[in-house]
Structures are given as C-alpha cells and as structure tokens.
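Coordinate analysis (summary)
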Amino acid sequence: MSEATTGIEFVVKAVPFGGGATEFQQSMAPHPLIYQELPYDPKFGVYNRRLRSLAYANTDTRDLYWRLRRQVMVSHTGELPIEIRGADAEALLERVFTRSVAKVRVGRCSYQIACYPDGGTVMDGVLMRLDTNRFWYVQGDGEFYSWLRAQAVGLDVEIFNPHVWVSQVQGPRSMDVLEEVADDGLPERFRYFDMAEIRIDGQPLIITRTGFTSELGWEFYLEPDADATAIGDRIMFAGEEWGIHTTPAEVTNARRIEGGLLFAGTDFDENTTPFDAGFGSLVDFNKGDFVGRSALEAADRRNRTWGLKVDGGTACHGNAVYIDGNNVGRVTSSAWSPTLQCGVAFVRVDDPDHGPGTELNVACMDGQTHIGELCSLPFYDQGGDIPRGRTTELPEIPTEA
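Report follows, based on the coordinates. (Residues numbered from 1 in each chain as written. Predicted model: local features only at pLDDT ≥ 70, side-chain atom pairs only at ≥ 80, totals over all residues. Heavy atoms only, no water.)

On to the packing of aromatic side chains, then. Applying the stated criterion to the full structure yields 14 aromatic pairs. Between the aromatic rings of Phe97 and Phe144, the centroid separation amounts to 6.2 Å while the plane-to-plane angle is 15 degrees, which identifies the pairing as stacked. Of the two residues, Phe97 is situated in the loop between helix 3 (89-96) and strand 6 (109-115) and Phe144 in helix 4 (residues 144-151); the sequence distance between them amounts to 47 residues. Of the two residues, Phe97 and Phe144, both sit in the buried class. The side chain of Arg50 reaches across the aromatic face of Trp165, ending 3.9 Å from its centre. (Phe/Tyr/Trp six-rings, centres within 6.5 Å; stacked < 30°, edge-to-face > 60°. Helix = DSSP H or I, 4+ residues; strand = E, 2+ residues; numbered from the N terminus. Buried < 20%, exposed > 50% of the residue type's maximum accessible area, 1.4 Å probe, protein only. Lys NZ or Arg CZ within 6 Å of the ring centre and 35° of its normal.)

Next comes the structure, spelled out in structure tokens:
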C-alpha cells in the first residue's frame with residue numbers, strides 16, 4: 001500500500017456502478033457524488049464500509065496539494081455520521097465522551113473522544129448538536145456504533161445510521177464558494193466549529209465550519225432526501241472561478257499530517273490512552289463520571305506522540321526510528337510535505353522522555369536511512385490561524401516543489 005492508504009482496508013479500481021455491481025455496492029457503498037471523481041481514474045479504499053478515493057492516476061498530486069493550500073478543493077469523504085436522539089441522549093454522550101457535552105450549545109460542534117474502561121481510545125470525531133436532544137457524531141473509521149449501543153442500555157435514546165454523506169470544501173477560497181452557492185449568502189453567524197442550515201438551489205443543507213485538512217473550510221452533509229447532484233454540481237460550477245477540483249486522500253493526507261490531525265485506528269487505537277496520543281487536553285476530570293475515567297486518573301499523563309521531520313526522505317511505517325541502532329518508537333503515518341520540503345510523520349515513542357529536539361535515524365521509503373528530528377504538533381500554524389480564518393496570507397510555492 002502507498003502512504004495514502006493509511007487506515008484503509010484495501011484498494012479497488014474504480015468501476016461504473018450499476019448492472020452487475022449490486023453486490024459490490026452493498027459491501028462498499030459509493031458516495032452520491034462519486035461521479036465527479038471518475039474522470040480522474042481514481043483508486044478507492046474502504047472507510048467505514050464506504051468508498052473513499054485514495055489517489056488519481058491522471059492528475060498531478062503536487063498541483064492538487066497547492067490548490068488546497070492556495071485555492072479551493074472538494075473532497076468526498078468516508079466519514080460516518082451516527083444519530084443519537086431522545087430524552088437521555090445528552091446523558092449517554094456524557095457517559096461515553098471525555099469532555100463535557102452539556103456545554104455544547106445547539107448549533108455548535110465539539111471534537112470528542114471516547115475510551116474503553118481500561119483507558120484505551122475507542123474513537124474520535126466531531127459531535128454536532130442539532131437540537132437539545134438530537135446529535136450527530138461524525139466518526140472516523142471503526143465500529144463505534146456497536147460500542148455506543150452497548151453503553152445505551154436502560155436509557156431513553158435512539159441510535160441509528162441516518163445515511164448521511166459528508167463532503168468538505170477546503171482552502172483559502174472556500175468561503176467565497178460558500179457565499180456564491182448559498183441562496184442567502186454566507187450564514188450570519190458561522191464561526192469555527194459552528195453549524196448552520198442553508199439552501200443551495202432551494203435544497204436544505206446542513207453545513208459546519210470544520211474539515212480534515214487544517215485549512216479554512218466547511219463541510220456539507222447530504223441527507224437521503226437531498227438532491228445530491230444539484231447540490232454537488234452547483235458547488236463545482238461556482239468554484240470554477242477559483243480553480244476548484246476534487247481531491248483524493250493522498251493529497252489531504254499530507255496536509256492533515258502537517259496539521260497534526262490523527263487517524264483513528266492508525267495513529268491511535270485501543271492500546272493508546274488519550275495522553276499517549278497527545279489528547280490530554282480533551283480529558284476533562286472536572287465533569288462527571290465517564291467510561292475510562294478511573295483508568296485515566298491513574299495513567300501516565302505524558303505525551304508519547306510527536307511530529308517527525310526528515311530531511312530528504314519519507315519515513316517508512318512501523319518500527320522505523322532508531323537511536324544508536326535501537327528501535328525507539330513506531331511511525332504511524334508519513335508523507336512528503338511540499339510546504340516544508342521534507343518528510344513529515346507521526347511517531348509514537350516508547351520512552352516519553354524522547355520529545356521535541358530528539359534526533360533519530362529514520363528508515364525511509366527510498367531504501368535509505370535519513371536523519372530526522374522529533375517536533376511538536378502541528379508542524380506549522382501552531383495557533384490554528386489558518387482553519388480559523390485569522391490569516392489571509394497565501395503560502396508561497398517553493399521553487400523545488
């Protein structure tokens with residue numbers, strides 16, 4: 001597998017859907033806007049039992065990366081919204097998540113993680129509060145639905161798949177596209193992690209000021225009764241002025257690593273506590289009881305997940321980092337950064353004393369060993385000014401890129 005397949009089960013070649021493809025569609029559901037990607041000869045992986053484009057055979061990956069950083073892109077994701085509603089919806093989510101849910105107002109989103117009783121991390125995702133007793137949890141890849149159902153025994157709550165599909169419009173011109181496509185223009189109030197209801201060509205649509213690229217952007221949620229084609233085509237037509245293009249995972253993968261965004265099941269798993277993964281700020285011991293609280297109170301709270309910069313190479317996945325010939329950690333994700341002009345990766349170190357500034361020997365995909373250095377996350381934009389829209393300066397494209 002290429003580095004773009006991190007967290008994906010396997011790769012399949014794009015094929016037309018219909019006719020004899022019924023069985024294929026049942027096991028690997030295509031996004032309603034998949035037709036927008038087929039002209040670029042995509043390869044797909046399975047994510048949440050949904051197809052997600054991993055790479056395009058006939059586009060320039062570097063060009064798409066810089067469109068994301070300087071213009072605008074649209075990405076059709078495999079994220080899976082789960083609906084939780086009922087009188088005990090908030091109580092269930094308070095039991096499951098490590099941060100307060102009561103503090104999340106209607107119309108707001110909150111990044112939330114859930115743990116097992118032993119403190120291992122089950123899942124991460126964005127919680128959307130649609131109403132007082134109605135939520136969507138937009139999860140990464142994994143079987144969180146079953147875990148949530150198990151925790152809901154005895155509570156007055158419904159948990160189900162609302163069959164919603166998620167796409168993201170990201171990049172410096174993403175808000176220009178939103179202003180153009182929304183029937184009433186930009187929502188009056190649309191801050192970072194806000195939710196809004198808009199109409200595109202008369203079609204009602206929920207959007208959020210979120211994304212998985214560390215760029216300015218918004219996500220839109222296609223419900224079963226939506227005219228997905230009308231919405232999708234309108235967005236692409238409006239975005240032509242700013243060079244909009246569909247984008248596969250290998251492009252967003254590089255940018256999410258630069259931004260310090262971790263993949264569930266890959267960069268952390270059931271054997272990783274939130275503290276190990278650098279999620280310590282997401283564990284609120286001032287709230288009431290939650291699953292895993294006792295274990296986390298007794299856990300080592302030192303971070304073991306850091307960024308890694310590698311001059312001249314891209315780190316191999318796995319046990320690829322060494323000091324004096326001894327393996328000292330595991331590379332969980334890696335990519336080449338066109339912005340930094342070096343390899344970037346996530347490393348989970350065995351010894352928490354190995355932190356930023358530690359030099360390592362790194363086994364790389366070119367078959368060579370290169371020197372790397374651990375660093376804090378994210379790799380740049382430490383204050384999150386880019387996704388929050390607090391900076392409008394476009395990055396320069398290095399002459400080597």
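Still more ground to cover, so stick around.
Moving on, we come to empty space enclosed by the protein. Following the criterion strictly, the structure yields one cavity of 30 Å³ or more and no others. Approximately 40 Å³ is the volume found for the largest cavity. Together, Pro30, His31, Ile34, Glu37, Phe44, Leu51, Arg52, Ser53 and His76 line the largest cavity. Ranked by the residues each element gives to the lining of the largest cavity, the list is headed by strand 3 (residues 50-56), at three residues. Classifying every residue of the lining of the largest cavity gives four nonpolar, three polar and two charged. (1 Å grid on protein atoms, 1.4 Å probe; cavity = no way out; pocket = protein on both sides within 12 Å on 5 of 7 lines; lining within 4 Å. Points joined across faces, edges and corners; volume = space filled by probe spheres on them. Nonpolar A, V, L, I, M, F, W, Y, C, P; charged D, E, K, R; others polar.)

Counting residues in hydrophobic clusters, the biggest one holds 45 residues, and the most contacted among them are Ile84, Phe97, Phe144 and Leu148. Those residues in contact with Phe144 that sit more than four places away from it in its chain are Val96, Phe97, Ala114, Val122, Met123, Tyr137 and Gln139. In this structure, Val72, Ala182, Phe190 and Ile200 belong to the second largest nonpolar core, which totals 28 residues. (Core = buried A, V, L, I, M, F, W, Y, C linked by side-chain atoms within 4.5 Å. Contact = heavy atoms within 4.5 Å.)

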